[in-house]
Amino acid sequence: DHRDLHSFPTRRPSDLYWVEKSKDLLAIRAEFYALSGKLLKRADYSSPKVVTGRKRITRVTIEDAVEKRKRSVMIYSRHKNQNLDESMFNKDAMAN
């Protein structure tokens, strides 16, 4: 890949994410592994566009590494800014 990328481990040490080393830190790719170390899924983030004043990824393709013919494509549109209360982002609120 010709872009200047940075990879870093996630909360689960087996998973990896790659982001651009730009001010936007856009996600580019992710790999999700089983605890055994086997690659399960690969996600590619693409189609960056300026939306609501910020550069954002608008397409995510997730490929199953086990069953190679399986793929999901998500296209994000109709973005909007919304003020959310911080209390929504705790474990108790997310369980409801």
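Remember, it's a predicted structure, so these values are computed and weren't measured experimentally. (Residues numbered from 1 in each chain as written. Predicted model: local features only at pLDDT ≥ 70, side-chain atom pairs only at ≥ 80, totals over all residues. Heavy atoms only, no water.)

Enquirer: Honestly, the pairing of strand E5 (residues 54–64) in this entry has me stumped. Any pointers?
Expert: Within a regular strand, the side chains alternate between the two sheet faces. In the sheet, strand E4 (residues 39–51) pairs with E5 via 10 bridges, with the strands oriented antiparallel. Paired with Val 50 across the two strands is Lys 55, which belongs to E5. What sits between E4 and E5 in their antiparallel hairpin is a turn of 2 residues, with Thr 52 showing a positive phi close to 45°. Taken together, the 5 bridges between E5 and strand E6 (residues 71–75) define a ladder with antiparallel strand orientation. (Pairing = 2+ DSSP bridges. Helix = DSSP H or I, 4+ residues; strand = E, 2+ residues; numbered from the N terminus.)

Enquirer: How should the side chain of Thr 58 be read in this particular structure?
Expert: Position of Thr 58 among the secondary structure elements: in strand E5. The buried category is assigned to Thr 58, whose relative accessible area is 5%. (Buried < 20%, exposed > 50% of the residue type's maximum accessible area, 1.4 Å probe, protein only.)

Enquirer: Help me out: how do you make sense of the pattern of salt bridges in this one?
Expert: Once their charged atoms are close, side chains differing in charge can pair, the charge on each being opposite to the other. Applying the stated rule across the entire model yields 5 salt bridges. Ionic pairing is found between Glu 63 and Arg 71, a salt bridge with its closest N-O pair at 3.8 Å. Assessed through its relative accessible area of 27%, Glu 63 is described here as partly exposed. (Salt bridge = Lys/Arg side-chain N within 4 Å of Asp/Glu carboxyl O.)

Enquirer: Looking at this structure, I do not really get the environment of Ala 34. What am I missing?
Expert: Relative to the elements of secondary structure, Ala 34 occurs in the loop between strand E3 (27–33) and E4. According to the relative accessible area criterion, Ala 34 is buried, its value standing at 18%. Separated by 19 residues in the primary sequence, Ala 34 and Asp 15 have C-alpha atoms spaced 8.6 Å apart.

Enquirer: Is there a simple way to explain the packing of aromatic side chains in this structure?
Expert: Describing an aromatic ring pair means giving the distance of the ring centres and the angle of the ring planes. Applying the stated criterion across every chain yields a total of 1 aromatic pair. Geometrically, the ring pair formed by Tyr 17 and Phe 32 is edge-to-face, given 5.8 Å between the ring centres and 85° between the ring planes. Taken as a pair, Tyr 17 in strand E2 (residues 16–20) and Phe 32 in strand E3 lie far apart in primary sequence, 15 residues in all. Of the residues examined, Tyr 17 reaches a relative accessible area of 25% and is grouped as partly exposed. Note on Phe 32: relative accessible area 23%, which makes it partly exposed. (Phe/Tyr/Trp six-rings, centres within 6.5 Å; stacked < 30°, edge-to-face > 60°.)

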